[in-house]
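The lines below spell out each chain.
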Amino acid sequence: MERTTLDLWVGAFVVAGIAALLVLALKVGNLSTYNMSETYQLQAYFTNVGGLKPTASVRSAGVLVGRVTEIKLDTERYEARVTMSVDKRYQFPRDTFANIQTAGLLGENYIGLLPGGDSEMLKNGEAFKKTQPAMILEDLIAKFIYSTSEKSK
Amino acid sequence: MPIVRSLRVIGKRTVNGVWRMGNATRFFMLTLLYSGLSFRRFQLVRKEMFYSGVMSLIIIIVAGMFVGMVLGLQGYETLKRYGSESALGTLVALSLVRELGPVLAALLFASRAGSAMTAEIGLMKATEQIAAMDMMAVNPISRLIAPRFWSGVISMPLLAALFTVTGVFGGYVVGVVVIGVDEGSFWSQMQSAVDFQHDVMNGVIKSFVFGVAVTVIALYEGFDAPPTAEGVSGATTRTVVQSSLAILLLDFILTAFMFRGD
């Protein structure tokens, strides 16, 4: 089959288009931080997840160690069950403290892990025992107003 | 009786519209049915991709660049009021990836390549080239229509991706280089907000659907055009109007399905 300059142009167009898709995936999107080498699943129950969403980051000491994969309501406990996949390189003690934190005052929610001192590590599928729900700004303000009005009486 | 007459006109137009809709659907099915030749002789598709895809590159890239620059400028002005200029990357990238990239690229594609397709097919019909093909036992749908259809369907997502990337680059140039938003937060906030599956892939699906809609409308209008100079010009106009409306309507439907409830 003969090659023409037209083919060259079409080829360049297709290559440019695929390169654009790659840029979208890697530079604009989060695919580069998405796939971690090998992960294991951990769970945590929260009384309130606030604005936490799937794909939110899981951080320990500020370092990204995993991602939230699923958030569901557990109908036995009536608490939110958050499943996260954590990089296999990072193991956490059994008494690790999981809390929902906010990046900045109004930023997005993420899960912060505060390791404890237990010698045994959490295994795949296990749940954190100690959790702290999301801080809801409106609740805090309501509490603050309530307590100040109590004092002024 | 003017009321009866206007009622009659409305009824006739409605019936005509439904009739054309059914005809276009049958035409689309026939195109899919006779697509075999396009893949056996892929150079047919490749040749059409040159005219519909490669020739649209300049308008897509220039338009994407300017749209991104405007987004950067307007987004900065608005975000500055809330002291969150660092979210400029998120604003530019999300609006381009989800909506503006696929929709504007499809609108440009409809007016740049779709109208050309209609005019070409319509003129072929007016000069009885299609009838001549039929006489020589060459199926005009598999030889003329299907390659153009597939060239549009393949080109459209690539063009939309290029539009989005140049748009993000335009936003970067205005936001970071000219205005001086922090470069690190521009990219990192963008990356944490844009999800590959949820945003990028849905944008690609959108542009694929738009590609199908635009090329089917353009080819059907050309194939259906009255074989006169007037008929071809009317068909070209209808292509641009109808495919633009179809793009916006489909965009609303797709957005309602894709980005609801999160």
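Residues numbered from 1 in each chain as written. Chains lettered and ligands numbered in written order. Predicted model: local features only at pLDDT ≥ 70, side-chain atom pairs only at ≥ 80, totals over all residues.

Visitor: How should the overall build of chain A be read in this particular structure?
Guide: For chain A, the helix and strand inventory stands at three helices and seven strands. The helix and strand sequence of chain A, counted from the amino end, reads α-α-β-β-β-β-β-β-β-α. Here chain A holds 153 residues, and 22% of them are scored as buried. Restricting the contact set of chain A to residue pairs at least 6 apart, pairs at least 24 apart contribute 64%. (Helix = DSSP H or I, 4+ residues; strand = E, 2+ residues; numbered from the N terminus. Buried ≥ 20, exposed ≤ 12 C-beta atoms within 10 Å, placed from the backbone. Contact = placed C-beta atoms within 7 Å.)

Visitor: Whenever I open this one, helix 1 (residues 5-28) of chain A confuses me. Can you help?
Guide: Each full turn of the α-helix corresponds to 3.6 residues, which orients residues three or four apart in the same direction. Here helix 1 of chain A contains 24 residues, and its C-alpha end-to-end distance of 33 Å stays within 8% of the 34 Å for a straight helix at 1.5 Å per residue. Looking only at helix 1 of chain A, the buried set comprises Val10(A), Phe13(A), Gly17(A), Ala20(A), Leu21(A), Leu24(A) and Val28(A). In this structure, the buried side of helix 1 of chain A is in contact with helix 3 (42-52), helix 4 (57-81), helix 5 (88-126), helix 7 (140-179), helix 8 (183-193) and helix 9 (196-224) of chain B. (Expected span 1.5 Å × (residues − 1).)

Visitor: How should the interface of chain A and chain B be read in this particular structure?
Guide: As a measure of interface size, the accessible area lost when the parts come together is often cited. Each side of the interface is counted separately: chain A has 20 residues, and chain B has 23 residues. Broken down by element, the side of chain A that touches chain B gets its largest block of residues, 14 residues, from helix 1 of chain A. Residue composition of the side of chain A that touches chain B, by class: 14 nonpolar, five polar and one charged. (Nonpolar A, V, L, I, M, F, W, Y, C, P; charged D, E, K, R; others polar.)

Visitor: It is not clear to me how the pairing of strand 6 (residues 109-114) of chain A should be interpreted in this structure. Could you clarify?
Guide: In the case of a regular strand, side chains alternate between the two sheet surfaces. Residues and elements named next belong to chain A. Summarising the sheet, strand 2 (residues 57-60) and strand 6 pair through three bridges and their orientation is parallel. Along strand 6, the bridge assignment pairs serine 60 with leucine 113. In the sheet, strand 5 (residues 97-102) pairs with strand 6 via six bridges, with the strands oriented antiparallel. Across the sheet, residue glutamine 101 finds its bridge partner in strand 6, namely tyrosine 110. (Pairing = 2+ DSSP bridges.)

Visitor: Explanation requested: the sheet that holds strand 2 of chain A in the structure shown.
Guide: Backbone hydrogen bonds are what pair the strands of a sheet, in a parallel or an antiparallel way. Residues and elements named next belong to chain A. What the seven strands build is an open sheet, ordered 1-4-3-2-6-5-7; its pairing is mixed. Across the chains shown, the open sheet's two edge strands, defined by having one partner strand only, are strand 1 (39-46) and strand 7 (130-132). Direction aside, the axes of adjacent strands within the sheet are offset by 30° on average. (Axes fitted to C-alpha atoms, helices over the stretch in contact; angles between N-to-C directions.)

Visitor: Which parts of the structure should I look at to understand the nonpolar core?
Guide: The nonpolar side chains of soluble globular proteins are, as a tendency, buried together. One finds Ala105(B), Ala106(B), Phe109(B), Leu159(B), Val214(B) and Leu219(B) to be the most contacted residues of the largest nonpolar core, which totals 70 residues. Listed by contribution, the elements that provide at least two residues to this core are helix 1 of chain A together with helix 3, helix 4, helix 5, helix 7, helix 8, helix 9 and helix 10 (229-258) of chain B. In this structure, Ala105(B) is in contact with Ile60(B), Leu159(B), Ala160(B), Phe163(B) and Ser207(B), ignoring residues within four places of it in sequence. By size, the runner-up hydrophobic cluster in this structure holds 21 residues, among which are Val65(A), Ala98(A), Ile111(A) and Ala134(A). (Core = buried A, V, L, I, M, F, W, Y, C linked by C-beta atoms within 7 Å.)

Visitor: It is not clear to me how the pairing of strand 3 (residues 63-74) of chain A should be interpreted in this structure. Could you clarify?
Guide: Residue and element names in this part refer to chain A. Here strand 2 pairs with strand 3 via four bridges, running antiparallel. Residue pairing in the sheet places valine 58 in a bridge with glycine 66 of strand 3. Between strand 2 and strand 3, which pair antiparallel one after the other, the connecting turn spans two residues, and alanine 61 there sits at a positive phi close to 55°. Where strand 3 lies against strand 4 (residues 79-87), eight bridges are found, and the strand directions are antiparallel. Bridge assignment links glycine 66 to a residue of strand 4, and that residue is valine 86.

Visitor: Would you mind going over the environment of Phe208(B) with me for this structure?
Guide: All names here are of chain B. Tracing the backbone through its elements, the reader meets phenylalanine 208 in helix 9. Along the primary structure phenylalanine 208 and leucine 88 are separated by 120 residues, whereas in three dimensions their C-alpha atoms are 28 Å apart. Leaving out residues up to four positions away in the same chain, phenylalanine 208 has contacts with Val153, Met156 and Pro157.

Visitor: Quick question: what am I supposed to make of the packing of helix 3 of chain B against helix 7 of chain B here?
Guide: A packed helix pair is summarised by two numbers, namely the angle formed by the two axes and the spacing between the axes. Residue and element names in this part refer to chain B. Look at helix 3 against helix 7: their axes get within 8 Å of each other, and the N-to-C directions meet at 55°. When the axis of helix 3 is compared with that of helix 7, the two are oblique. The two elements helix 3 and helix 7 meet at a crossing, and its hand is right-handed. The residues of helix 7 that touch helix 3, namely those facing Leu44, Val45, Glu48, Met49 and Ser52, are Pro147, Arg148, Trp150, Ser151, Gly152, Ile154 and Ser155. Among the residues making up the contact of helix 3 with helix 7, the classes are represented as six nonpolar, four polar and two charged. (Parallel < 35°, antiparallel > 145°, perpendicular 65-115°, else oblique. Left-handed = near helix turned anticlockwise from the far one by under 90°.)

Visitor: I keep staring at the environment of Met136(B) and nothing clicks. Help me out?
Guide: All names here are of chain B. Here methionine 136 is to be found in the loop between helix 6 (129-135) and helix 7. Looking at methionine 136, the number of C-beta atoms within 10 Å reads 6, which means it is exposed. Linking methionine 136 and glutamine 242, residues 106 residues apart in sequence, is a C-alpha distance of 33 Å.

Visitor: Looking at this structure, I do not really get unusual backbone geometry. What am I missing?
Guide: Keep in mind that most residues, glycine aside, have a negative phi and that most peptide bonds are trans. Residue and element names in this part refer to chain B. Not every positive phi belongs to a glycine, and glutamate 128 is a case in point at roughly 60°. Structurally, glutamate 128 is set in the loop between helix 5 and helix 6. Judged by local crowding, glutamate 128 falls into the exposed class, with 12 C-beta atoms found within 10 Å. Notably, alanine 137 is not glycine yet its phi reads approximately 60°, a positive angle. Considering the arrangement of structural elements, one finds alanine 137 in the loop between helix 6 and helix 7. Classification of alanine 137 by C-beta neighbours within 10 Å gives exposed; the count is 6.

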